[in-house]
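Remarks on the overall topology
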Amino acid sequence: SQTIHQWPATLVQPVGSPLSLECTVEGTSNPNLYWYRQAAGRGLQLLFYSVGIGQISSEVPQNLSASRPQDRQFILSSKKLLLSDSGFYLCAWSHSVLAKNIQYFGAGTRLSVL
Amino acid sequence: SQKIEQNSEALNIQEGKTATLTCNYTNYSPAYLQWYRQDPGRGPVFLLLIRENEKEKRKERLKVTFDTTLKQSLFHITASQPADSATYLCALEPTGGGNKLTFGTGTQLKVEL
């Protein structure tokens, strides 16, 4: 069966520090991968998605970047965090052919930028 | 512009009653509509998917309807239980796909004893 791992669960970082959040998927190949951010009491905002290694689409201009160095690994990064980067970050995967783009989410990372 | 609207006010119902949540959309021609459940501090979990040519889909105590004329989906939970308390999100995949979903902001359901 497929599983998705996302870490860390919580993170407190000072303004101006770098960020690296990692997400890995097991049990499937060539998944679509997604990074979302969810502000408190708000909906899911799609930040990046990827349909293959090295293929990244950015949905909103921002202080963040994403990379997909391996088929089942998706990394969210920032060189310098802003206060506004605080939020709940979720990684998800889907498979267009096998699963009709149903998305399966990781447990999330609660990021607090102070 | 494209919009997905769900009632932002929490829905409080009594245990055993049927909960009905609404998802309205504009300027979409979705191939599918999906419903997810999200518990506090957790990622959303997929519940049901309904296609544009389906009127209704059921899974145990859950029922989803999809009216592409009204541009609306209704999500029903029958015989609701306190364990059903959560936020429920609808999500659209536009016709043509693009491997993306757009999520509504969700409606919080509270089932009281």
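Model, not experiment: these values are computed from the prediction. (Residues numbered from 1 in each chain as written. Chains lettered and ligands numbered in written order. Predicted model: local features only at pLDDT ≥ 70, side-chain atom pairs only at ≥ 80, totals over all residues. Heavy atoms only, no water.)

1. Overview of the overall build of chain A
A tally of regular secondary structure across chain A gives one helix and 11 strands. Along chain A, from the amino end to the carboxyl end, the secondary structure elements read β-β-β-β-β-β-β-β-β-α-β-β. Against the globule reference of 13 Å for 114 residues, chain A gives a C-alpha radius of gyration of 13 Å, in line with a compact fold. Each principal axis of the C-alpha distribution contributes one length, and for chain A these read about 40 × 30 × 20 Å. Burial analysis of chain A (114 residues in total) assigns 49% to the buried set. Accessible surface for chain A amounts to roughly 5300 Å². Of this, 54% is attributable to carbon and sulfur atoms. (Helix = DSSP H or I, 4+ residues; strand = E, 2+ residues; numbered from the N terminus. Rg over C-alpha atoms; globule rule 2.2 N^0.38 Å. Buried < 20%, exposed > 50% of the residue type's maximum accessible area, 1.4 Å probe, protein only. Areas by Shrake-Rupley, 256 points an atom, 1.4 Å probe, with all protein chains shown as cover.)

2. Some details on unusual backbone geometry
In this model, Trp7(A) is joined to Pro8(A) through a cis peptide bond whose omega is 0°. Locating Pro8(A) in the fold gives a position in the loop between β1 (3–7) and β2 (10–13). Phi is positive for Asn27(B), which is not a glycine, with a value near 60°. Relative to the helices and strands, Asn27(B) is located in the loop between β3 (19–26) and β4 (30–38). Judged by its relative accessible area of 51%, Asn27(B) falls in the exposed class.

3. Focus: the pattern of salt bridges
Across all of its chains, the model carries seven salt bridges over all chains by this definition. With a shortest N-O distance of 3.8 Å, Arg37(A) and Asp85(A) are connected by a salt bridge. Here Arg37(A) is found in strand β4 (residues 32–38), whereas its partner Asp85(A) is found in the loop between β8 (73–78) and β9 (87–94), with 48 residues between them in sequence. A salt bridge links Asp39(B) to Arg37(B); the shortest N-O distance between them is 3.1 Å. On the basis of relative accessibility, which here comes to 18%, the residue Arg37(B) falls in the buried class. (Salt bridge = Lys/Arg side-chain N within 4 Å of Asp/Glu carboxyl O.)

4. Some words on the interface of chain A and chain B
Each partner contributes to the interface: chain A provides 21 residues, whereas chain B provides 20 residues. Here chain A and chain B share an interface that buries about 1600 Å² over both sides, 55% of which is from carbon and sulfur atoms. Counting the contacts that link chain A with chain B gives one salt bridge. For the salt bridge of Glu59(A) with Lys100(B), the shortest nitrogen-to-oxygen distance reads 3.3 Å. Counting across the chain A and chain B interface gives five residue pairs in polar contact (both at pLDDT 80 or more). Of all the elements in the fold, those that place two or more residues in the side of chain A that touches chain B are β4, β5 (44–52) and β9 of chain A. Considered class by class, the residues forming the side of chain A that touches chain B number 11 nonpolar, seven polar and three charged. (Contact = heavy atoms within 4.5 Å. Buried area = accessible area lost by both parts, 1.4 Å probe. Polar contact = N/O pair within 3.5 Å; in protein donor to acceptor, adjacent residues only side chain to side chain. Nonpolar A, V, L, I, M, F, W, Y, C, P; charged D, E, K, R; others polar.)

5. Describing the packing of aromatic side chains
All chains considered together, the criterion is met by 13 aromatic pairs over all chains. Pairing Phe105(A) with Phe103(B) gives two aromatic rings, centres 5.9 Å apart and planes at 70°, and the pair type is edge-to-face. With Phe105(A) in strand β10 (residues 104–105) and Phe103(B) in strand β10 (residues 102–103), this pair bridges two chains. For the pair shown, Phe105(A) and Phe103(B) are each scored as buried. Among the aromatic residues, those joined into a cluster by ring pairs are Tyr34(A), Tyr36(A), Tyr49(A), Phe105(A), Tyr36(B), Phe46(B) and Phe103(B). (Phe/Tyr/Trp six-rings, centres within 6.5 Å; stacked < 30°, edge-to-face > 60°.)

6. Section: the state of the cysteines
Residue and element names in this part refer to chain A. Taken as a whole and assessed by the stated rule, the structure comprises two disulfides over all chains. There is a disulfide in this structure between Cys23 and Cys91, and the S-S distance comes to 2.0 Å. Because the torsion about its S-S bond is -75°, the bridge between Cys23 and Cys91 counts as left-handed. Taken together, the residues Cys23 in strand β3 (residues 19–26) and Cys91 in strand β9 connect sequence positions 68 residues apart. Accessibility classification places Cys23 together with Cys91 in one group, the buried group. (Disulfide = S-S within 2.5 Å.)

7. Describing the sheet that holds strand β6 (residues 56–59) of chain B
All names here are of chain B. On the basis of which strands lie adjacent, the open sheet formed by five strands has the order β1-β3-β8-β7-β6 and antiparallel pairing. If you trace the sheet from one side to the other, it starts and ends with β1 (3–6) and β6, each paired once. Geometrically, the sheet is characterised by an average inter-axis angle of 15° between neighbouring strands, direction not taken into account. Here strand β7 (residues 62–67) pairs with strand β8 (residues 72–77) via six bridges, running antiparallel. Considered in β8, the bridge of Phe66 is made with Ser73. (Pairing = 2+ DSSP bridges. Axes fitted to C-alpha atoms, helices over the stretch in contact; angles between N-to-C directions.)

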